[in-house]
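# Fold and geometry: a report
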Amino acid sequence: MFYYSPMLLGLCLLVAVAIAATALWRMSRPYSGPGFWMAGSWSLIAGILMFIGFIVTGNPALNVLGNAGQLAGEALFLLGIFRFMDRQIPWWIVPLSVSVMVAFNVHYWLFDGNSDFLMGVYSTIAGLLPVQAIWLLLREKSDPATRPARLLVGFSLLVYSAVTLVRGYLGYYNWWHDAPYVNPYESFSYLLPYNFAIPALVMGFIGVTLMTMQRILANSQQHAQRARLSAIRFERLLGASTSAVMIVKAGLIQDANMRLEQLSGLSRERLINSPVQTLFPAGSHELINQHLAISHTSLLDLDALGARGEPFPAEVSIARLSDDSDDVVMEIRDVSHRKALEEQLVLLATQDSLTSALNRRAFNNEAQLALTRATRYRRPLSLAILDLDHFKQINDTHGHLAGDLALQQFADVCRITLREGDIFARFGGEEFVLLLSETDADAAAVLLERLRQQVSALVLRHGTSSFSLHVSAGLAEWQPGDDLDSLFKRADQALYGAKSNGRNRVVVWSEGLESPTPSTQSLS
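Computed from a predicted structure; not experimentally measured.

### So, the sheet that holds strand β3 (residues 298–305)
Taken in spatial order, the 5 strands line up as β2-β1-β5-β4-β3 in an open sheet, and their pairing is antiparallel. The open sheet has two free edges, formed respectively by β2 (252–256) and β3, since each of these has just one partner strand. Averaged over all adjacent pairs, the angle separating strand axes in this sheet is 35°, with direction ignored. Strand direction decides the pairing type here: strand β4 (residues 311–320) and strand β5 (residues 328–334), joined by 7 bridges, are antiparallel. Along β5, the bridge assignment pairs Glu 315 with Arg 333. Helix-sheet contacts for helix α11 (residues 285–293) involve β1 (244–249), β3, β4 and β5, and the interaxial angle to β3 is about 145°.

Written out as C-alpha coordinates, the structure is:
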(Lines give C-alpha, C1' and ligand atoms only; values in the text may rest on other atoms or scores of the structure.)
Protein backbone atom coordinates (compact mmCIF):
# COMPACT_ATOMS: atom_id res chain seq x y z
CA MET A 1 0.00 0.00 0.00
CA PHE A 2 3.03 2.30 0.39
CA TYR A 3 3.33 2.45 -3.38
CA TYR A 4 -0.21 3.66 -3.64
CA SER A 5 0.37 6.72 -1.46
CA PRO A 6 1.56 9.19 -4.17
CA MET A 7 -1.32 8.16 -6.41
CA LEU A 8 -3.88 8.51 -3.64
CA LEU A 9 -2.35 11.77 -2.48
CA GLY A 10 -2.50 13.13 -6.05
CA LEU A 11 -6.09 11.99 -6.37
CA CYS A 12 -7.04 13.72 -3.10
CA LEU A 13 -5.34 16.89 -4.28
CA LEU A 14 -7.26 16.76 -7.56
CA VAL A 15 -10.56 16.17 -5.73
CA ALA A 16 -9.84 19.25 -3.64
CA VAL A 17 -9.04 21.19 -6.80
CA ALA A 18 -12.26 20.02 -8.47
CA ILE A 19 -14.35 21.07 -5.46
CA ALA A 20 -12.59 24.42 -5.36
CA ALA A 21 -13.04 24.83 -9.13
CA THR A 22 -16.76 24.17 -8.77
CA ALA A 23 -17.03 26.79 -6.03
CA LEU A 24 -15.00 29.23 -8.15
CA TRP A 25 -17.32 28.66 -11.11
CA ARG A 26 -20.42 29.29 -9.04
CA MET A 27 -18.96 32.37 -7.38
CA SER A 28 -17.43 34.01 -10.47
CA ARG A 29 -20.31 33.66 -12.93
CA PRO A 30 -20.65 35.13 -15.54
CA TYR A 31 -16.85 35.34 -15.91
CA SER A 32 -15.53 32.98 -18.57
CA GLY A 33 -12.97 30.25 -17.86
CA PRO A 34 -13.84 28.75 -14.44
CA GLY A 35 -16.47 26.52 -16.07
CA PHE A 36 -13.75 24.87 -18.18
CA TRP A 37 -11.49 24.44 -15.15
CA MET A 38 -14.29 22.78 -13.22
CA ALA A 39 -15.17 20.43 -16.10
CA GLY A 40 -11.48 19.63 -16.69
CA SER A 41 -10.83 18.84 -13.02
CA TRP A 42 -13.74 16.43 -12.72
CA SER A 43 -12.88 14.79 -16.04
CA LEU A 44 -9.28 14.30 -14.87
CA ILE A 45 -10.50 12.75 -11.60
CA ALA A 46 -12.88 10.43 -13.50
CA GLY A 47 -9.96 9.32 -15.72
CA ILE A 48 -7.71 8.58 -12.72
CA LEU A 49 -10.47 6.62 -10.96
CA MET A 50 -11.01 4.50 -14.07
CA PHE A 51 -7.28 3.92 -14.34
CA ILE A 52 -7.17 2.83 -10.68
CA GLY A 53 -10.06 0.52 -11.51
CA PHE A 54 -7.94 -0.88 -14.36
CA ILE A 55 -5.04 -1.51 -11.95
CA VAL A 56 -7.35 -3.39 -9.60
CA THR A 57 -9.35 -5.36 -12.21
CA GLY A 58 -7.09 -5.44 -15.26
CA ASN A 59 -10.07 -4.44 -17.47
CA PRO A 60 -8.68 -3.01 -20.78
CA ALA A 61 -11.71 -0.79 -21.33
CA LEU A 62 -11.01 1.01 -18.05
CA ASN A 63 -7.43 1.53 -19.20
CA VAL A 64 -8.54 3.11 -22.49
CA LEU A 65 -11.25 5.24 -20.89
CA GLY A 66 -9.01 6.25 -18.01
CA ASN A 67 -6.23 7.55 -20.27
CA ALA A 68 -8.76 9.30 -22.54
CA GLY A 69 -10.54 10.92 -19.57
CA GLN A 70 -7.30 12.22 -18.10
CA LEU A 71 -6.17 13.76 -21.38
CA ALA A 72 -9.62 15.26 -21.99
CA GLY A 73 -9.57 16.82 -18.50
CA GLU A 74 -6.12 18.32 -19.03
CA ALA A 75 -7.16 19.70 -22.44
CA LEU A 76 -10.38 21.24 -21.04
CA PHE A 77 -8.41 22.84 -18.21
CA LEU A 78 -6.11 24.49 -20.74
CA LEU A 79 -9.03 25.63 -22.93
CA GLY A 80 -10.31 27.55 -19.92
CA ILE A 81 -7.19 29.72 -20.05
CA PHE A 82 -7.94 30.70 -23.65
CA ARG A 83 -11.54 31.43 -22.69
CA PHE A 84 -10.48 33.51 -19.70
CA MET A 85 -8.06 35.52 -21.85
CA ASP A 86 -10.77 36.14 -24.48
CA ARG A 87 -8.79 34.33 -27.15
CA GLN A 88 -10.06 32.00 -29.84
CA ILE A 89 -10.45 28.57 -28.27
CA PRO A 90 -8.46 25.77 -29.98
CA TRP A 91 -11.26 23.22 -29.63
CA TRP A 92 -9.42 20.80 -31.90
CA ILE A 93 -6.90 19.82 -29.20
CA VAL A 94 -9.55 17.87 -27.25
CA PRO A 95 -10.68 15.44 -29.97
CA LEU A 96 -7.16 15.24 -31.47
CA SER A 97 -5.37 14.36 -28.22
CA VAL A 98 -8.09 11.95 -27.08
CA SER A 99 -8.39 10.18 -30.45
CA VAL A 100 -4.60 9.74 -30.80
CA MET A 101 -4.39 8.31 -27.30
CA VAL A 102 -7.34 5.97 -27.83
CA ALA A 103 -5.82 4.73 -31.09
CA PHE A 104 -2.48 3.85 -29.47
CA ASN A 105 -4.24 2.41 -26.40
CA VAL A 106 -6.45 0.11 -28.49
CA HIS A 107 -3.44 -0.92 -30.57
CA TYR A 108 -1.63 -1.78 -27.34
CA TRP A 109 -4.37 -4.18 -26.25
CA LEU A 110 -5.07 -5.69 -29.67
CA PHE A 111 -1.45 -6.33 -30.63
CA ASP A 112 0.16 -6.85 -27.21
CA GLY A 113 2.03 -3.53 -27.30
CA ASN A 114 4.64 -2.20 -24.92
CA SER A 115 3.35 -0.41 -21.82
CA ASP A 116 6.44 1.83 -21.61
CA PHE A 117 5.87 2.99 -25.18
CA LEU A 118 2.18 3.62 -24.42
CA MET A 119 3.19 5.64 -21.35
CA GLY A 120 5.58 7.62 -23.56
CA VAL A 121 2.80 8.41 -26.04
CA TYR A 122 0.46 9.53 -23.25
CA SER A 123 3.16 11.68 -21.63
CA THR A 124 4.13 13.27 -24.95
CA ILE A 125 0.55 14.31 -25.65
CA ALA A 126 0.01 15.53 -22.07
CA GLY A 127 3.31 17.41 -22.05
CA LEU A 128 2.66 19.20 -25.35
CA LEU A 129 -0.91 20.20 -24.51
CA PRO A 130 0.05 23.21 -22.31
CA VAL A 131 2.53 24.72 -24.79
CA GLN A 132 0.02 27.10 -26.44
CA ALA A 133 -1.41 28.17 -23.08
CA ILE A 134 2.07 28.76 -21.62
CA TRP A 135 3.01 30.94 -24.60
CA LEU A 136 -0.19 32.95 -24.23
CA LEU A 137 0.20 33.44 -20.49
CA LEU A 138 3.83 34.56 -20.61
CA ARG A 139 3.57 36.97 -23.53
CA GLU A 140 0.17 38.58 -22.85
CA LYS A 141 0.53 42.27 -21.89
CA SER A 142 -2.95 43.72 -22.39
CA ASP A 143 -4.25 42.73 -18.93
CA PRO A 144 -1.80 44.11 -16.33
CA ALA A 145 -4.19 43.44 -13.44
CA THR A 146 -3.75 39.64 -13.79
CA ARG A 147 -0.06 39.60 -14.76
CA PRO A 148 1.35 38.24 -11.44
CA ALA A 149 -1.15 35.37 -11.37
CA ARG A 150 -0.63 34.68 -15.10
CA LEU A 151 3.10 34.31 -14.54
CA LEU A 152 2.41 31.87 -11.70
CA VAL A 153 0.09 29.82 -13.92
CA GLY A 154 2.54 29.90 -16.82
CA PHE A 155 5.43 28.77 -14.60
CA SER A 156 3.34 25.99 -13.01
CA LEU A 157 2.25 24.68 -16.42
CA LEU A 158 5.84 24.85 -17.60
CA VAL A 159 6.90 22.63 -14.68
CA TYR A 160 3.97 20.31 -15.39
CA SER A 161 4.90 20.08 -19.06
CA ALA A 162 8.60 19.49 -18.33
CA VAL A 163 7.92 16.73 -15.76
CA THR A 164 5.39 15.03 -18.07
CA LEU A 165 7.78 15.11 -21.03
CA VAL A 166 10.57 13.65 -18.83
CA ARG A 167 8.17 10.91 -17.92
CA GLY A 168 7.54 10.34 -21.62
CA TYR A 169 11.28 10.23 -22.31
CA LEU A 170 11.72 7.58 -19.61
CA GLY A 171 8.91 5.56 -21.14
CA TYR A 172 10.51 5.65 -24.61
CA TYR A 173 13.89 4.85 -23.04
CA ASN A 174 12.59 1.77 -21.24
CA TRP A 175 10.78 0.64 -24.41
CA TRP A 176 13.89 1.09 -26.56
CA HIS A 177 16.03 -0.83 -24.10
CA ASP A 178 13.39 -3.50 -23.61
CA ALA A 179 13.21 -2.97 -19.86
CA PRO A 180 11.14 -5.50 -17.92
CA TYR A 181 7.50 -4.61 -17.15
CA VAL A 182 6.91 -2.92 -13.81
CA ASN A 183 3.47 -2.36 -12.26
CA PRO A 184 2.39 1.29 -12.49
CA TYR A 185 2.24 1.72 -8.75
CA GLU A 186 5.85 0.44 -8.52
CA SER A 187 7.22 2.43 -11.51
CA PHE A 188 9.31 5.55 -10.83
CA SER A 189 8.46 6.99 -14.25
CA TYR A 190 4.73 6.43 -13.76
CA LEU A 191 4.68 7.87 -10.22
CA LEU A 192 6.84 10.82 -11.24
CA PRO A 193 3.83 12.96 -12.29
CA TYR A 194 2.02 12.20 -9.03
CA ASN A 195 5.00 13.49 -7.10
CA PHE A 196 5.74 16.58 -9.22
CA ALA A 197 3.33 17.20 -12.12
CA ILE A 198 0.09 17.07 -10.11
CA PRO A 199 1.45 19.47 -7.44
CA ALA A 200 2.43 21.79 -10.31
CA LEU A 201 -1.10 21.43 -11.71
CA VAL A 202 -2.52 22.27 -8.27
CA MET A 203 -0.26 25.32 -8.15
CA GLY A 204 -1.55 26.23 -11.62
CA PHE A 205 -5.14 26.03 -10.34
CA ILE A 206 -4.23 28.32 -7.45
CA GLY A 207 -2.85 30.67 -10.08
CA VAL A 208 -6.03 30.63 -12.20
CA THR A 209 -8.05 31.24 -9.04
CA LEU A 210 -5.88 34.26 -8.30
CA MET A 211 -6.30 35.38 -11.93
CA THR A 212 -10.06 35.22 -11.54
CA MET A 213 -9.98 37.08 -8.22
CA GLN A 214 -7.71 39.76 -9.67
CA ARG A 215 -10.00 40.13 -12.69
CA ILE A 216 -13.06 40.44 -10.43
CA LEU A 217 -11.27 42.91 -8.15
CA ALA A 218 -10.05 44.99 -11.10
CA ASN A 219 -13.53 45.05 -12.64
CA SER A 220 -15.05 45.95 -9.27
CA GLN A 221 -12.62 48.83 -8.94
CA GLN A 222 -13.46 49.95 -12.47
CA HIS A 223 -17.17 49.76 -11.69
CA ALA A 224 -16.65 51.72 -8.49
CA GLN A 225 -14.64 54.33 -10.38
CA ARG A 226 -17.33 54.54 -13.07
CA ALA A 227 -19.97 54.90 -10.34
CA ARG A 228 -18.01 57.76 -8.77
CA LEU A 229 -17.56 59.43 -12.14
CA SER A 230 -21.25 58.91 -12.92
CA ALA A 231 -22.20 60.50 -9.61
CA ILE A 232 -19.92 63.46 -10.34
CA ARG A 233 -21.28 63.80 -13.86
CA PHE A 234 -24.84 63.56 -12.55
CA GLU A 235 -24.21 66.33 -10.03
CA ARG A 236 -22.62 68.50 -12.71
CA LEU A 237 -25.48 67.80 -15.10
CA LEU A 238 -27.95 68.79 -12.41
CA GLY A 239 -26.07 72.03 -11.93
CA ALA A 240 -25.49 72.79 -15.62
CA SER A 241 -28.93 71.82 -16.90
CA THR A 242 -31.18 74.65 -18.04
CA SER A 243 -34.13 72.53 -16.90
CA ALA A 244 -35.34 72.16 -13.33
CA VAL A 245 -34.32 68.66 -12.22
CA MET A 246 -35.24 66.88 -9.01
CA ILE A 247 -35.05 63.42 -7.46
CA VAL A 248 -38.41 62.28 -6.09
CA LYS A 249 -39.13 59.38 -3.76
CA ALA A 250 -42.57 58.51 -2.41
CA GLY A 251 -43.84 61.82 -3.78
CA LEU A 252 -41.27 63.89 -1.84
CA ILE A 253 -38.40 65.87 -3.35
CA GLN A 254 -35.08 64.35 -2.26
CA ASP A 255 -32.68 66.54 -4.23
CA ALA A 256 -32.93 69.46 -6.66
CA ASN A 257 -30.71 71.59 -8.84
CA MET A 258 -30.36 75.37 -8.76
CA ARG A 259 -32.63 75.82 -11.76
CA LEU A 260 -35.57 74.42 -9.77
CA GLU A 261 -34.89 76.99 -7.04
CA GLN A 262 -34.93 79.77 -9.66
CA LEU A 263 -38.04 78.45 -11.38
CA SER A 264 -40.09 77.85 -8.23
CA GLY A 265 -38.77 80.74 -6.15
CA LEU A 266 -38.15 78.30 -3.26
CA SER A 267 -34.81 77.63 -1.60
CA ARG A 268 -33.29 74.16 -1.72
CA GLU A 269 -33.92 73.77 2.02
CA ARG A 270 -37.65 74.39 1.49
CA LEU A 271 -37.79 72.11 -1.54
CA ILE A 272 -36.17 69.07 0.12
CA ASN A 273 -38.84 66.73 1.55
CA SER A 274 -41.63 68.90 0.12
CA PRO A 275 -44.39 67.20 -1.91
CA VAL A 276 -43.67 67.49 -5.60
CA GLN A 277 -47.31 68.50 -6.14
CA THR A 278 -46.58 71.92 -4.63
CA LEU A 279 -44.85 72.81 -7.91
CA PHE A 280 -48.08 72.37 -9.90
CA PRO A 281 -51.65 73.75 -9.83
CA ALA A 282 -54.17 71.69 -7.89
CA GLY A 283 -55.84 70.44 -11.06
CA SER A 284 -52.66 68.58 -12.10
CA HIS A 285 -51.99 66.76 -8.79
CA GLU A 286 -53.89 63.59 -9.66
CA LEU A 287 -52.18 63.34 -13.05
CA ILE A 288 -48.75 63.79 -11.44
CA ASN A 289 -49.51 61.04 -8.90
CA GLN A 290 -50.56 58.64 -11.66
CA HIS A 291 -47.35 59.15 -13.63
CA LEU A 292 -45.13 58.90 -10.54
CA ALA A 293 -46.61 55.43 -9.96
CA ILE A 294 -45.89 53.99 -13.43
CA SER A 295 -42.58 52.30 -14.25
CA HIS A 296 -41.89 53.61 -17.74
CA THR A 297 -40.74 57.06 -18.78
CA SER A 298 -43.53 59.55 -19.41
CA LEU A 299 -43.73 63.04 -20.87
CA LEU A 300 -46.43 65.54 -19.93
CA ASP A 301 -47.46 68.95 -21.22
CA LEU A 302 -49.08 70.88 -18.39
CA ASP A 303 -48.80 74.06 -16.37
CA ALA A 304 -46.31 74.45 -13.51
CA LEU A 305 -46.17 77.18 -10.86
CA GLY A 306 -43.57 79.93 -11.19
CA ALA A 307 -41.73 81.97 -8.58
CA ARG A 308 -44.74 84.25 -8.02
CA GLY A 309 -47.26 81.44 -8.02
CA GLU A 310 -48.39 82.14 -11.58
CA PRO A 311 -48.79 79.14 -13.91
CA PHE A 312 -46.58 78.78 -16.97
CA PRO A 313 -46.58 76.16 -19.73
CA ALA A 314 -44.13 73.37 -18.93
CA GLU A 315 -42.90 70.09 -20.32
CA VAL A 316 -42.49 67.52 -17.54
CA SER A 317 -40.59 64.26 -17.94
CA ILE A 318 -40.74 61.51 -15.31
CA ALA A 319 -38.41 58.49 -15.33
CA ARG A 320 -37.23 55.94 -12.77
CA LEU A 321 -33.53 55.94 -11.95
CA SER A 322 -33.48 52.14 -12.32
CA ASP A 323 -35.89 49.21 -12.55
CA ASP A 324 -35.28 48.18 -8.93
CA SER A 325 -35.40 51.68 -7.45
CA ASP A 326 -38.27 53.81 -6.17
CA ASP A 327 -36.33 56.99 -6.94
CA VAL A 328 -37.71 59.03 -9.82
CA VAL A 329 -36.04 61.75 -11.84
CA MET A 330 -38.43 64.55 -12.69
CA GLU A 331 -37.50 67.33 -15.08
CA ILE A 332 -39.48 70.54 -15.62
CA ARG A 333 -38.77 72.64 -18.70
CA ASP A 334 -40.25 76.09 -19.09
CA VAL A 335 -41.67 76.05 -22.62
CA SER A 336 -43.35 79.46 -22.55
CA HIS A 337 -41.11 80.69 -25.32
CA ARG A 338 -41.74 77.57 -27.37
CA LYS A 339 -45.49 77.81 -26.89
CA ALA A 340 -45.44 81.45 -27.97
CA LEU A 341 -43.38 80.52 -30.98
CA GLU A 342 -45.78 77.69 -31.82
CA GLU A 343 -48.72 80.08 -31.64
CA GLN A 344 -46.85 82.50 -33.86
CA LEU A 345 -46.09 79.72 -36.33
CA VAL A 346 -49.75 78.72 -36.33
CA LEU A 347 -50.69 82.30 -37.14
CA LEU A 348 -48.09 82.43 -39.89
CA ALA A 349 -49.38 79.17 -41.29
CA THR A 350 -53.06 80.18 -41.18
CA GLN A 351 -53.18 83.98 -41.56
CA ASP A 352 -52.37 86.41 -44.31
CA SER A 353 -49.44 88.46 -43.03
CA LEU A 354 -50.70 91.80 -44.40
CA THR A 355 -54.38 91.76 -43.44
CA SER A 356 -54.47 89.08 -40.68
CA ALA A 357 -57.33 87.41 -42.56
CA LEU A 358 -57.20 83.63 -42.99
CA ASN A 359 -55.09 82.39 -45.89
CA ARG A 360 -56.36 80.05 -48.60
CA ARG A 361 -55.30 76.82 -46.88
CA ALA A 362 -56.83 77.72 -43.51
CA PHE A 363 -60.03 78.89 -45.22
CA ASN A 364 -60.33 75.59 -47.11
CA ASN A 365 -60.06 73.63 -43.85
CA GLU A 366 -62.61 75.77 -42.01
CA ALA A 367 -64.98 75.95 -44.98
CA GLN A 368 -64.93 72.20 -45.49
CA LEU A 369 -66.03 71.64 -41.89
CA ALA A 370 -68.81 74.24 -42.24
CA LEU A 371 -69.98 72.68 -45.50
CA THR A 372 -70.04 69.21 -43.90
CA ARG A 373 -72.25 70.51 -41.08
CA ALA A 374 -74.58 72.27 -43.53
CA THR A 375 -74.88 69.10 -45.61
CA ARG A 376 -75.51 66.85 -42.62
CA TYR A 377 -78.08 69.07 -40.88
CA ARG A 378 -79.52 70.76 -44.02
CA ARG A 379 -78.71 74.21 -42.64
CA PRO A 380 -78.33 77.34 -44.80
CA LEU A 381 -74.83 78.40 -45.87
CA SER A 382 -73.68 81.20 -48.16
CA LEU A 383 -70.35 81.93 -49.85
CA ALA A 384 -69.30 85.38 -51.10
CA ILE A 385 -66.29 86.43 -53.17
CA LEU A 386 -65.25 90.08 -52.61
CA ASP A 387 -63.04 92.01 -55.02
CA LEU A 388 -61.81 95.60 -54.55
CA ASP A 389 -62.71 97.63 -57.62
CA HIS A 390 -59.93 99.23 -59.69
CA PHE A 391 -57.33 98.23 -57.17
CA LYS A 392 -54.58 98.36 -59.80
CA GLN A 393 -55.27 102.05 -60.29
CA ILE A 394 -54.71 102.68 -56.57
CA ASN A 395 -51.31 100.99 -56.78
CA ASP A 396 -50.38 102.79 -59.97
CA THR A 397 -51.58 106.23 -58.80
CA HIS A 398 -50.73 106.27 -55.11
CA GLY A 399 -48.10 103.52 -54.83
CA HIS A 400 -47.98 100.01 -53.38
CA LEU A 401 -47.88 101.27 -49.81
CA ALA A 402 -51.22 102.94 -50.40
CA GLY A 403 -52.48 99.66 -51.87
CA ASP A 404 -51.35 97.80 -48.74
CA LEU A 405 -53.13 100.39 -46.60
CA ALA A 406 -56.32 99.91 -48.64
CA LEU A 407 -56.20 96.13 -48.13
CA GLN A 408 -55.65 96.51 -44.38
CA GLN A 409 -58.45 99.07 -43.99
CA PHE A 410 -60.82 96.89 -45.98
CA ALA A 411 -59.98 93.85 -43.81
CA ASP A 412 -60.55 95.91 -40.65
CA VAL A 413 -64.02 97.03 -41.86
CA CYS A 414 -64.89 93.41 -42.68
CA ARG A 415 -63.85 92.20 -39.21
CA ILE A 416 -65.96 94.94 -37.58
CA THR A 417 -69.00 94.28 -39.76
CA LEU A 418 -68.95 90.47 -39.86
CA ARG A 419 -70.35 88.24 -37.14
CA GLU A 420 -68.50 85.82 -34.89
CA GLY A 421 -68.36 82.50 -36.71
CA ASP A 422 -68.17 84.03 -40.20
CA ILE A 423 -65.06 82.80 -42.03
CA PHE A 424 -63.10 85.58 -43.72
CA ALA A 425 -60.01 84.96 -45.86
CA ARG A 426 -57.75 86.67 -48.37
CA PHE A 427 -57.17 84.54 -51.45
CA GLY A 428 -54.54 86.78 -53.00
CA GLY A 429 -54.17 90.29 -54.41
CA GLU A 430 -57.37 92.24 -53.87
CA GLU A 431 -59.68 89.17 -53.71
CA PHE A 432 -61.29 88.03 -50.45
CA VAL A 433 -63.70 85.21 -49.60
CA LEU A 434 -66.44 85.13 -46.98
CA LEU A 435 -68.32 82.04 -45.75
CA LEU A 436 -71.51 82.70 -43.75
CA SER A 437 -72.86 79.76 -41.74
CA GLU A 438 -76.55 79.56 -40.78
CA THR A 439 -77.23 82.30 -43.36
CA ASP A 440 -79.35 82.10 -46.49
CA ALA A 441 -78.80 84.26 -49.58
CA ASP A 442 -81.26 86.97 -48.54
CA ALA A 443 -79.70 87.54 -45.13
CA ALA A 444 -76.21 87.31 -46.61
CA ALA A 445 -77.07 89.90 -49.26
CA VAL A 446 -78.24 92.34 -46.55
CA LEU A 447 -74.97 91.85 -44.66
CA LEU A 448 -72.86 92.28 -47.78
CA GLU A 449 -74.76 95.42 -48.81
CA ARG A 450 -74.09 96.95 -45.41
CA LEU A 451 -70.44 96.02 -45.78
CA ARG A 452 -70.31 97.53 -49.28
CA GLN A 453 -71.73 100.81 -48.02
CA GLN A 454 -69.26 101.00 -45.16
CA VAL A 455 -66.36 100.40 -47.52
CA SER A 456 -67.63 103.05 -49.94
CA ALA A 457 -67.80 105.55 -47.07
CA LEU A 458 -64.10 105.10 -46.34
CA VAL A 459 -61.74 107.95 -47.19
CA LEU A 460 -58.13 106.79 -47.09
CA ARG A 461 -55.18 109.13 -46.91
CA HIS A 462 -51.65 108.33 -47.92
CA GLY A 463 -49.15 111.12 -47.79
CA THR A 464 -50.76 114.20 -49.31
CA SER A 465 -53.29 112.29 -51.36
CA SER A 466 -56.61 110.71 -50.49
CA PHE A 467 -58.70 108.08 -52.22
CA SER A 468 -61.80 105.95 -51.71
CA LEU A 469 -62.53 102.23 -51.98
CA HIS A 470 -65.31 100.26 -53.62
CA VAL A 471 -65.99 96.55 -53.53
CA SER A 472 -67.90 94.14 -55.75
CA ALA A 473 -69.35 90.94 -54.29
CA GLY A 474 -70.68 87.72 -55.79
CA LEU A 475 -72.89 85.61 -53.51
CA ALA A 476 -74.12 82.01 -53.79
CA GLU A 477 -76.18 79.92 -51.35
CA TRP A 478 -75.45 76.26 -50.72
CA GLN A 479 -77.75 73.83 -52.53
CA PRO A 480 -78.13 70.08 -51.95
CA GLY A 481 -75.41 68.27 -53.87
CA ASP A 482 -73.02 71.23 -53.69
CA ASP A 483 -69.39 70.73 -52.75
CA LEU A 484 -67.04 73.56 -51.95
CA ASP A 485 -65.78 73.82 -55.50
CA SER A 486 -69.22 74.03 -57.10
CA LEU A 487 -70.37 76.59 -54.53
CA PHE A 488 -67.28 78.67 -55.24
CA LYS A 489 -67.90 78.53 -58.99
CA ARG A 490 -71.44 79.88 -58.61
CA ALA A 491 -70.21 82.69 -56.35
CA ASP A 492 -67.55 83.44 -58.95
CA GLN A 493 -70.24 83.70 -61.62
CA ALA A 494 -72.14 86.16 -59.42
CA LEU A 495 -68.96 88.23 -58.92
CA TYR A 496 -68.50 88.34 -62.68
CA GLY A 497 -72.07 89.61 -62.94
CA ALA A 498 -71.33 92.36 -60.39
CA LYS A 499 -68.28 93.52 -62.31
CA SER A 500 -70.07 93.34 -65.65
CA ASN A 501 -72.89 95.56 -64.38
CA GLY A 502 -70.79 98.50 -63.24
CA ARG A 503 -68.98 97.17 -60.10
CA ASN A 504 -69.53 98.45 -56.54
CA ARG A 505 -72.50 96.18 -56.06
CA VAL A 506 -73.61 92.82 -54.60
CA VAL A 507 -74.97 90.20 -57.00
CA VAL A 508 -76.68 86.99 -55.85
CA TRP A 509 -76.26 83.96 -58.11
CA SER A 510 -79.33 82.81 -59.99
CA GLU A 511 -80.08 80.49 -62.89
CA GLY A 512 -79.13 81.96 -66.25
CA LEU A 513 -76.44 84.24 -64.82
CA GLU A 514 -73.68 84.71 -67.40
CA SER A 515 -70.52 82.77 -66.53
CA PRO A 516 -67.10 84.45 -66.52
CA THR A 517 -64.72 83.39 -69.27
CA PRO A 518 -62.39 82.05 -68.08
CA SER A 519 -63.25 81.38 -64.43
CA THR A 520 -61.10 83.54 -62.18
CA GLN A 521 -60.37 81.27 -59.20
CA SER A 522 -60.70 77.77 -57.83
CA LEU A 523 -60.56 76.44 -54.31
CA SER A 524 -58.66 73.35 -55.33
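### Quick notes on helix α13 (residues 360–377)
When the terminal C-alpha atoms of α13 are compared, their 26 Å separation across 18 residues agrees well with the 26 Å that a helix rising 1.5 Å per residue should span. If you check which residues of α13 are buried, you get Ala 362, Phe 363, Asn 364, Ala 367, Ala 370, Leu 371 and Ala 374. Arg 378 lies just past α13 and shows a positive phi near 55°.

### Here's the deal with the packing of aromatic side chains
Applying the stated criterion to the full structure yields 15 aromatic pairs. Between Tyr 169 and Tyr 173 the ring centres are 6.2 Å apart and the planes differ by 35°, which places this aromatic pair in the tilted class. Of the two residues, Tyr 169 and Tyr 173 are both situated in helix α7 (residues 147–176); the distance of 4 residues between them amounts to about one turn of the helix. These aromatic residues form a ring-pair network of at least three members: Phe 104, Phe 117, Tyr 172, Trp 175 and Trp 176. Here Arg 29 stacks its cationic end above the ring of Trp 25, 4.7 Å away from the centre of that ring. Looking at Arg 215, its charged tip hangs above the ring of Phe 84, at a distance of 4.1 Å from the centre.

### Concerning unusual backbone geometry
Here Arg 29 and Pro 30 are connected by a cis peptide whose omega angle stands at 10°. Relative to the elements of secondary structure, Pro 30 occurs in the loop between α1 (5–28) and α2 (34–57). The backbone of Ala 250 sits at a positive phi, close to 55°, despite the residue not being glycine. Position of Ala 250 among the secondary structure elements: in the loop between β1 and β2. In this structure, Glu 438 is a non-glycine residue whose phi angle is positive, near 55°.

Parameters and conventions
Residues numbered from 1 in each chain as written. Predicted model: local features only at pLDDT ≥ 70, side-chain atom pairs only at ≥ 80, totals over all residues. Heavy atoms only, no water. Pairing = 2+ DSSP bridges. Helix = DSSP H or I, 4+ residues; strand = E, 2+ residues; numbered from the N terminus. Axes fitted to C-alpha atoms, helices over the stretch in contact; angles between N-to-C directions. Contact = heavy atoms within 4.5 Å. Expected span 1.5 Å × (residues − 1). Buried < 20%, exposed > 50% of the residue type's maximum accessible area, 1.4 Å probe, protein only. Phe/Tyr/Trp six-rings, centres within 6.5 Å; stacked < 30°, edge-to-face > 60°. Lys NZ or Arg CZ within 6 Å of the ring centre and 35° of its normal.

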